[in-house]
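The lines below spell out each chain.
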Protein chains: 2
Amino acid sequence: MRAVDIIIRKRDGAELSAGEIDFLVQGITDGTVPDYQIAAWAMAVLWRGMTIRETAQLTRAMAESGASLDAEAWAPGAVDKHSTGGVGDKTTLVVEPIVAACGLPVMKMSGRGLGISGGTIDKWESIPGFRTNLTREEILRQLKEIGMVACAQTAELAPADGKLYALRDVTGTIPSVPLIASSIMSKKIATGARAIVLDVKAGTGAFMGTVAEAATLAQWMVRIGKRAGRRTVALVSGMFQPLGFAVGNALEVREAMAALRGEGPADLREHCLTIAGYMLHLGGRTRNPRLGRALAAEKLADGTAFAKFRALIRAQGGDERICDDPSLLPSAPCRGILTAGKSGYLAEAHAGKIGLASVRLGAGRAKKGDSIDPAVGIVLRGKVGDPVRKGDPLCEVHAATEKALAQGLSELEDAFVIKRGKVKPLPLFYKSITK
Amino acid sequence: MRAVDIIIRKRDGAELSAGEIDFLVQGITDGTVPDYQIAAWAMAVLWRGMTIRETAQLTRAMAESGASLDAEAWAPGAVDKHSTGGVGDKTTLVVEPIVAACGLPVMKMSGRGLGISGGTIDKWESIPGFRTNLTREEILRQLKEIGMVACAQTAELAPADGKLYALRDVTGTIPSVPLIASSIMSKKIATGARAIVLDVKAGTGAFMGTVAEAATLAQWMVRIGKRAGRRTVALVSGMFQPLGFAVGNALEVREAMAALRGEGPADLREHCLTIAGYMLHLGGRTRNPRLGRALAAEKLADGTAFAKFRALIRAQGGDERICDDPSLLPSAPCRGILTAGKSGYLAEAHAGKIGLASVRLGAGRAKKGDSIDPAVGIVLRGKVGDPVRKGDPLCEVHAATEKALAQGLSELEDAFVIKRGKVKPLPLFYKSITK
């Protein structure tokens, strides 16, 4: 088998065989197929697409390119959750303790933020002392002991995906639905969890700009998951405005804690309970997602979810005093309020623009490897549909310097639109995809 | 400027700017743009195509990526000729001496054969002692002294093209008309000759299978040439059957010498006179190609063309006694005749199949770097349209071993088709393209 012949077949629109795909993934993993051939193949995939059969095979081969975590053996019934990323998306910080509090282990690995997409790992790390680079053994032990873990993806997990993604990043071959879907799912499958809930976001603050695009990606991932023998459900959720109010790492931890106490923004609570409900259902704890949601709400109300959150911080070396005194979290020295220029209803709180402003403030990374400031960010004061009076605060900006604060306030002016007539609130979820 | 942004623009169908193309070619030349980015870009070009403006810029940038030969300064008025390659295409061996005999210097560099396409350099090298790896200084000195040279392309000529072609060869990105056209023309432009005649072949023995495809490639090359300030004409010629009778290196030299004496196959003579006519016209020797053809015929008839051929062999260290005694050329030990199985008219002498059989005999290379046998090959005994009687010889096979001979004879059976009814001869040329 020669890589060039495989490239030519894909270039000419053929469906590759399982053997051909395995050959490429093996070549990526051990370096026997040079990067220039992988790059040409990836561009041919953008051009010609892949069938679900090819995509599932690519996913499986990448999942098997390294050591599986085999979560199922250590924590039977463990369920995984994935978000495609957005602005203010602190769902994992809330959902993981809830589900673990229901006795269902959560096998979840997270990433760092890039661009306007925040990263769960960055959020956890804003807690003083919190360690996220756990070894495989630490991950599995903790999963067994407290039923949850907040860790970065290990290097040995699906290494072919890591290499392929890095190459796609520099060759203009990111935006392919089959390649995106297989990249995400290869890591999910490699963890070994048998149930996966996918939160696929659509909007200006998400990778997929429209609900239709997000639904397509969701469908591919669900199909891949099913072909790999995973119970998989995807929810298409809105990311046209940020989730909750807080955008920025420590600010989001604070908001997540409020949600875990049964407080905080209503949309965040509802979003987290829904996701948790699906996880509990897929993990076999309840007969349907609605009952899962009810069970999750119970664990919020009785304080066990918050106790799980505290246990997680303790297990990973974080300063658990933040649970009682959130002021121990990093906080920014400069704060300022952006106010409404007119009265009416909030018609837009543009997630993309707010995300970009938060990156400029230092809460996110413009490019990989950039350092971030855990303290800075933006806290909204309302959601789309809310009535607004001239002079009301639209958001508070938390900045490292007065200059950054002024720049942030000025940039954010463009992110909010107020209309005279009534505006409907935005839906939280657009659809659930189960096949 | 970042290579990834250029790839993305091409991937999305944009026209690249001159600066972007120069950036890529500079990156190919000095290695600052890695192969994987060039490969992804090349595949995006296959997908999205290039405009003539982009293609001309790519050509110019590649032509300027190394030292120009500046033939014009050394041999004013020098004309170049290029064939896209075929089976039995010994045109250069005949045309170069004719045109030089008319006082017009010919600045022609040639390549080695690959696959069914024979290489002029391989043909010259079948002459004992003939040296083709001349230095830049030797080339220019000889061009000045005898007005012609038979040399391989030097490494410093359009190095970006060499690197890009090698990368395209292993990434499935060869079949793009703009890339093929710019690859050929970059070398033509780098030699510095101001007039270029292109012989673009169409048929089973050529890179372009149909006249329409060949005409498209021809048109691109003519446009590129004109944009680079070269007087350029392309002739689309047939390669459905071999050119002349002989296929195989020494066998073709022998046939070329016959043509230079005014003998040999009629189609070869006509083909060469036509090409020479266009060269003489484009080089300013005659008012039109028809008068160029007449002048060329004169130089064949009066022996000056043959004398030029002899002078070339002498200048490059070859054994010029072959001119008087062709039996001094390498000859194969085993010969056999394939005869017609029925009477009628020769309807097909499939150039592709005959070329493939000649490669198997050892006359050509299955892959780069393979060694070849200068003596072996195939000599046809008729052309399409000729009447054939059962038992008549169709071709003679010259092989290195009895086994190879038997295999060659058996393979060739499939290459000839005889029909009962009259068959028209195939056209030599299909069209000339001047803009």
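K.L.:
Teacher, can you tell me more about the overall build of chain A here?
P.N.:
Tallying secondary structure elements over chain A gives 17 helices and 13 strands in all. Taken over the C-alpha trace, chain A has a radius of gyration of 22 Å; the compact-globule value for 435 residues is 22 Å, and the two agree within 12%. The buried share of chain A, taken over its 435 residues, is 58%. Nonlocal contacts in chain A, meaning residues at least 24 apart in sequence, comprise 78% of its contacts between residues at least 6 apart. Taken as a whole, chain A presents about 16400 Å² of accessible surface, with 51% of it coming from carbon and sulfur.

K.L.:
Even after reading the chapter, I still don't get the domain arrangement of chain A, so can you show me in this structure?
P.N.:
How big an interface is tends to be reported as the loss of accessible area on association of its parts. All names here are of chain A. The domain boundaries assigned to chain A delineate domain 1 (3-49), domain 2 (71-324) and domain 3 (330-419). Each of domain 1 and domain 2 was reduced to a C-alpha centroid, and the two centroids are 31 Å apart. Contact residues are listed per partner, giving 11 residues for domain 1 and 11 residues for domain 2. Together, I28, T29 and L46 form the three largest contributors to the area buried by domain 1 at its contact with domain 2, with a combined 45%. Inspection of the domain 1/domain 2 interface yields zero salt bridges. On inspection of domain 1 and its partner domain 2, the count reaches one residue pair in polar contact (both at pLDDT 80 or more). Elements with a minimum of two residues in the side of domain 1 that touches domain 2: α2 (18-30) and α3 (35-48). Split into classes, the residues belonging to the side of domain 1 that touches domain 2 amount to nine nonpolar, one polar and one charged.

K.L.:
Sorry, what's going on with the pattern of salt bridges here?
P.N.:
Should their charged atoms come close, side chains of opposite charge can pair. Residues and elements named next belong to chain A. Counted according to the given criterion, the structure contains 54 salt bridges over all chains. One salt bridge connects R314 with E320, and the closest N-O pair in it is separated by 2.8 Å. A relative accessible area of 25% places E320 in the partly exposed class. A salt bridge links R360 to E411; its shortest N-O distance comes to 3.0 Å. You can see R360 sitting in helix α16 (residues 351-361) and its partner E411 sitting in helix α17 (residues 402-412), a full 51 residues away along the chain. Of the residues examined, R360 reaches a relative accessible area of 53% and is grouped as exposed. Among the ionic contacts, a cluster of salt bridges with common partners joins R112, D122, E125 and R365.

K.L.:
Looking at this model, I keep getting lost on the relation of the copies chain B and chain A. Mind explaining?
P.N.:
One copy of the chain maps onto the other through a rotation about an axis followed by a shift along the same axis. Of the transformation placing chain B onto chain A, the axial shift is 0.0 Å and the rotation is 180 degrees, giving an RMSD of 0.0 Å. Each copy turns onto its partner about a two-fold axis. It is Y36 of chain B whose C-alpha, among those of chain B, lies nearest the rotation axis, at 1.9 Å. When you check the interface residues of chain B against chain A, 100% turn up at the interface there too, and the contact is symmetric in its surfaces.

K.L.:
Looking at this structure, how should I read the nonpolar core?
P.N.:
A general feature of soluble globular proteins is that nonpolar side chains tend to end up buried together. Among the nonpolar cores identified, the biggest contains 82 residues, and V99, I354, I378, L412 and F416 of chain A are the most heavily contacted of them. With nine residues, helix α13 (residues 266-282) of chain A is the largest single contributor of residues to this core. Mapped onto the domain boundaries, this core takes at least three residues apiece from domain 2 (71-324) and domain 3 (330-419) of chain A. With 81 residues, the next largest nonpolar core counts V94, A349, V397 and F416 of chain B among its residues.

K.L.:
Just to check I follow, could you spell out the packing of α16 of chain A against α17 of chain A for this structure?
P.N.:
For any two helices packed against each other, the geometry comes down to the angle between their axes and how far apart the axes lie. Residue and element names in this part refer to chain A. Packing of α16 against α17 brings their axes to within 10 Å, and their N-to-C directions diverge by 170 degrees. On the basis of the axis angle, α16 is roughly antiparallel to α17. Taken together, the residues of α17 that come into contact with α16 (itself represented by I354, A357, R360 and L361) are A404, Q407, G408, E411 and L412. Here the residues of the contact of α16 with α17 are counted per class, giving five nonpolar, two polar and two charged.

K.L.:
Please clarify how the interface of chain B and chain A should be interpreted in this entry.
P.N.:
If you look at the interface, chain B gives 20 residues, while chain A gives 20 residues. Counting the surface lost from both chain B and chain A, the interface buries some 1600 Å², and carbon and sulfur atoms represent 77% of this. Of all residues in chain B, the largest losses of buried area upon contact with chain A belong to Y36, M43 and W47 of chain B, amounting jointly to 38% of the total for that side. In this assembly, chain B and chain A are joined by zero salt bridges. Inspection of the chain B/chain A interface yields four residue pairs in polar contact (both at pLDDT 80 or more).

K.L.:
So what exactly am I meant to see when it comes to the sheet that holds strand β4 (residues 195-202) of chain A here?
P.N.:
What holds strands together in a sheet is hydrogen bonding between their backbones, with the strands either parallel or antiparallel. Residues and elements named next belong to chain A. Pairing is mixed across the open sheet formed by four strands, whose spatial order is β1-β4-β5-β13. Each edge of the open sheet carries a strand with a single partner, namely β1 (79-83) and β13 (429-433). Neighbour-to-neighbour, the strand axes of the sheet open up by a mean angle of 15 degrees, direction not taken into account. Across the sheet, α13 is in contact with β1, β4, β5 (231-238) and β13; its angle to β4 comes to roughly 150 degrees.

Cut-off values and rules
- Here the residue numbers are simple positions, counted from 1 along each chain's written sequence.
- Whichever chain is written first is A, and whichever ligand is written first is 1; the rest continue in order.
- Thresholds applied to this predicted model are a pLDDT of at least 70 for local features of residues and 80 or more for the giving and counting of side-chain atom pairs; totals over whole chains, interfaces and linings are not thresholded and use all residues.
- The side-chain quantities take in all heavy atoms of the structure and omit both hydrogens and water.
- Numbering of helices and strands runs from the N terminus, with a helix taken as a DSSP run of H or I at least four residues long and a strand as a DSSP run of E at least two residues long.
- As defined in this context, the radius of gyration uses C-alpha atoms, and a globule is described by 2.2 Å times the residue total to the power 0.38.
- Exposure classes here rest on a 1.4 Å probe applied to the protein chains alone. A residue is buried below 20% of its type maximum, exposed above 50%, and partly exposed in between.
- Throughout, a residue-residue contact means that at least one pair of heavy atoms, one from each residue, lies within 4.5 Å.
- Using the Shrake-Rupley algorithm and a 1.4 Å probe, accessible areas are obtained, with residue cover drawn only from the displayed protein chains.
- Note: domain ranges come from an automatic or database domain assignment.
- Computed with a 1.4 Å rolling probe, the buried area is the accessible surface lost when two parts are put together, summed over both parts.
- We define a salt bridge as a side-chain nitrogen of Lys or Arg found within 4 Å of a carboxyl oxygen belonging to Asp or Glu.
- Polar contact criterion, stated in full: a pair of N or O atoms within 3.5 Å, where within protein one must be able to donate a hydrogen and the other to accept it, and residues adjacent in sequence count only if both atoms are side-chain atoms.
- Asp, Glu, Lys and Arg are counted as charged, while Ala, Val, Leu, Ile, Met, Phe, Trp, Tyr, Cys and Pro are counted as nonpolar; the rest, among them Gly, fall into the polar class.
- The copies are overlaid by a least-squares fit using only the C-alpha atoms of residues whose pLDDT is at least 70 in both copies.
- Side-chain atoms within 4.5 Å are what join buried Ala, Val, Leu, Ile, Met, Phe, Trp, Tyr and Cys residues into a set we call a nonpolar core.
- Note on geometry: axes are lines fitted to C-alpha atoms, helical ones only across the stretch in contact, with angles between N-to-C directions running from 0 to 180 degrees.
- Orientation is classified from the angle alone, with under 35 degrees giving roughly parallel, over 145 giving roughly antiparallel, 65 to 115 giving roughly perpendicular, and any other angle giving oblique.
- Any two strands between which DSSP finds at least two bridges are classified as paired.

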